[in-house]
Every structure is written in C-alpha cells, then in structure tokens.
Amino acid sequence: MADARSGGAPTVLRVVLGKRLQDLREKAGLSYEQAAAALDVTHATVRRMEKAEVGLKIPYVEKLLATYGVTDQDEIDGFLKLAREANRPGWWHNFRDVLPEWFSAYVSLESEANLIRGYQPHYVPGLLQTEEYARAVLRAGQPHAPREEIDRSVALRMERQSLLTRPDAPMLWVVMDETVFRRPIGGPRVMRDQIARLAEAAALPNIRLQIIPFAAGPHPSMYGPFSIFRFPIPELPDIAYAENLVGAVYFDQRDDVSTFLEALDRMCAQAAPAQTTEALLGGFRKEI
C-alpha cells in the first residue's frame, strides 16, 4: 500500500472494490492493457483503480464489468451501489479542515476494523485520550496552530472514540511503553485524569491494555509507534500503519504485516500481563 503523503491512501470500501475488480479481470483472463483498452485509458489507470489509489468513476466501472463478462443485473447493480458509496465522503469529511489526507485513510480503516492492535511508546493512543490530554498532545505537535484549529482536532479525536462503545465495537489491544506515564503532559491533574480514563477503559470487555516496564529491557519496536487493523471482510487483508512527521505509510503485503505482527506478539509477551494493568496504572497515578 502506498505512502500516504501524496493523498493516495485508500478508504476501506475502495480497497475492497479494487480487489474485486482485480479478481474479475484475472478470472476473465485479461491483462491490464486489455482492460485499459476497453476504457480508452492507460494501463496505469486500471492498476490505480485496483490498488484503490483513485476514485471509482461509475462509467468506468460499468464498462469494466461488461468487459469482464459480468451479466447478472443484480450483481452489476450491487457493485455500482457499492462504488457510489465508496465515492461518498465519510463522516470525518466534516473535519477535512484539520484532517490531513494521509490520516483520513486511518480513520476509515479504524471505523471498519473488528480488531485494532498497536504499540505506542510516547503517548496514550488517541482512541483513549481525555479532551485535555488530547489538547496538550496536539498543542505540542502543532505549537503554532490557532486555538480554533486545535479545538477542531480535539473534537475529531473525541468523535473517533465513539466507535469503542457502538454495538459492533472493535477489539482494541494496545501495548504502551512505561515512558507514556513518565512523560508529564498537560500537568499533574491532566495526567491523573488520563490514567483514570485508562483504568476505566481497561475494564471494558473489548479493550485490552498492556504496559512494557523499563525493567523489561529492549524490545522489537523501540523505533516508533504503529497500528495493525484486521477486518471482517474477506477481500481485505490485515493492514499495518506507521506514522512519521510528514505523513504515513500503509502496508498490506503479507510479509510486511507479518513483521509488525511478530514484533507486537513479542512485545505482548514482554509486557506486564493485562490483568496487572489496573494495578500498574494505580501506582503511576499515585506517583504524579
């Protein structure tokens, strides 16, 4: 999956439909060039459609389905309906003034996943932050941003958190470094409130939190944070996400994702058991 700095990061439904188009083309025994000829475009356009790097133009989709031999009208209508939905902005589009294009893909993946795993060495994950903690983190990362922009970013982060309490809420399993609790963010009261929030979250059946203490020594992912998404959609593979100062990279190749999964599994083994998280949080809170 592409580096998302260019805005090429896909939404979930576009990924699914791209893979379905690829399957149909391959079953029809057609090359990229042959499919492109039917649309009078370059083969690169077909590739980009299959890789979810561009929106799906309805006339193109209709022509490709015909070219691939799809004749069942219900199947055609269903595909076109999904294509229109894929082109429709998600709820987060309302926050496009503060949402980088490269991160909009993350919000889409987060919204559709049934399992979200991750490692965070610096901060409490956004899905579990209090408003004041989120504001302090955002201010640190955007020291020159107007207050209104920070407020909008905080509102977006709070809106994202609603997925954890919806009826079909995903499983969230996060490993945090002890550094998260040793670095003061927002002052003592903000930190105490944030830790209390984590304790509440850890008690929920769909949230598992683990902490890697300093005493555990080095571990496989000391270089930085990452997330892994798993979906209840057969066409969609596990996707790993790694962020940097200017964008993010999304990985969906099996070997790449396996590297992230193996590192995370090893860190889970090194971290304190989830059953001890509440006690550890209580200890950190008393020390602040």
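Reading the values: the criteria
- Residues numbered from 1 in each chain as written.
- Predicted model: local features only at pLDDT ≥ 70, side-chain atom pairs only at ≥ 80, totals over all residues.
- Heavy atoms only, no water.
- Buried < 20%, exposed > 50% of the residue type's maximum accessible area, 1.4 Å probe, protein only.
- Helix = DSSP H or I, 4+ residues; strand = E, 2+ residues; numbered from the N terminus.
- Pairing = 2+ DSSP bridges.
- 1 Å grid on protein atoms, 1.4 Å probe; cavity = no way out; pocket = protein on both sides within 12 Å on 5 of 7 lines; lining within 4 Å.
- Points joined across faces, edges and corners; volume = space filled by probe spheres on them.
- Nonpolar A, V, L, I, M, F, W, Y, C, P; charged D, E, K, R; others polar.
- Domains from an automatic or database assignment.
- Contact = heavy atoms within 4.5 Å.
- Buried area = accessible area lost by both parts, 1.4 Å probe.
- Expected span 1.5 Å × (residues − 1).
- Arc of directions from axis to C-beta.

In the annotation of an unreviewed UniProt entry, the entry for the protein chain reads Helix-turn-helix protein, and the organism field reads Streptomyces rimosus subsp. rimosus.

Caption draft 1: A look at the pairing of strand E2 (residues 171-177). With six of its seven residues buried, E2 lies for the most part within the structure. Here strand E1 (residues 115-120) runs beside E2; their pairing, made up of six bridges, is parallel. Looking at E2, one finds that tyrosine 119 is bridged to valine 175. Sheet topology note: the E2/strand E3 (residues 207-212) ladder contains six bridges and is parallel. The residue bridging tryptophan 173 from the neighbouring strand is arginine 208, located in E3.

Caption draft 2: Structural detail: the layout of surface pockets. Of the voids in this model, the largest pocket is the one considered here, and its volume is about 1200 Å³. Trp102, Phe103, Arg157, Tyr241 and Glu243 are, among the 37 residues lining the largest pocket, the residues nearest its centre. Listed by contribution, the elements that provide at least two residues to the lining of the largest pocket are helix H6 (101-112), E1, helix H7 (131-141), helix H8 (147-160), E2, strand E4 (226-230) and strand E5 (239-244). Residue contributions to the lining of the largest pocket peak at five residues, all from E1. Of the residues belonging to the lining of the largest pocket, the class tally is 22 nonpolar, 10 polar and five charged. Empty space within the second largest pocket amounts to approximately 550 Å³. Lining the second largest pocket we find 26 residues, and of these Thr11, Arg88, Pro89, Gly90 and Trp92 sit closest to its centre. When residues of the lining of the second largest pocket are assigned to their parent elements, the largest contribution, six residues, is made by H6. Classifying every residue of the lining of the second largest pocket gives 12 nonpolar, eight polar and six charged. Composition of the lining of the second largest pocket by domain shows at least three residues from each of domain 1 (12-87) and domain 2 (97-126 + 163-287).

Caption draft 3: Structural view of the domain arrangement of the protein chain. Partitioning the protein chain into structural domains gives domain 1 (12-87) and domain 2 (97-126 + 163-287). Using C-alpha coordinates to define each centre, domain 1 is positioned 35 Å away from domain 2. Counting from both sides, the interface comprises five residues of domain 1 and, opposite them, nine residues of domain 2. Contact between domain 1 and domain 2 buries roughly 590 Å² in total, counting both sides, with carbon and sulfur atoms accounting for 73%.

Caption draft 4: Highlighting H8. With 14 residues, H8 extends 20 Å between its outermost C-alpha atoms, agreeing within 8% with the 20 Å of an ideal straight helix rising 1.5 Å per residue. All of the buried residues along H8 are Ile150, Ser153, Val154, Leu156, Arg157 and Arg160. Along the axis of H8, the buried residues cluster in a sector spanning 155°; they form a single face. Along H8, exposed side chains directed more than 90 degrees from the buried face belong to Arg147 and Glu148. Looking at the buried side of H8, the elements it contacts are H6 and H7.

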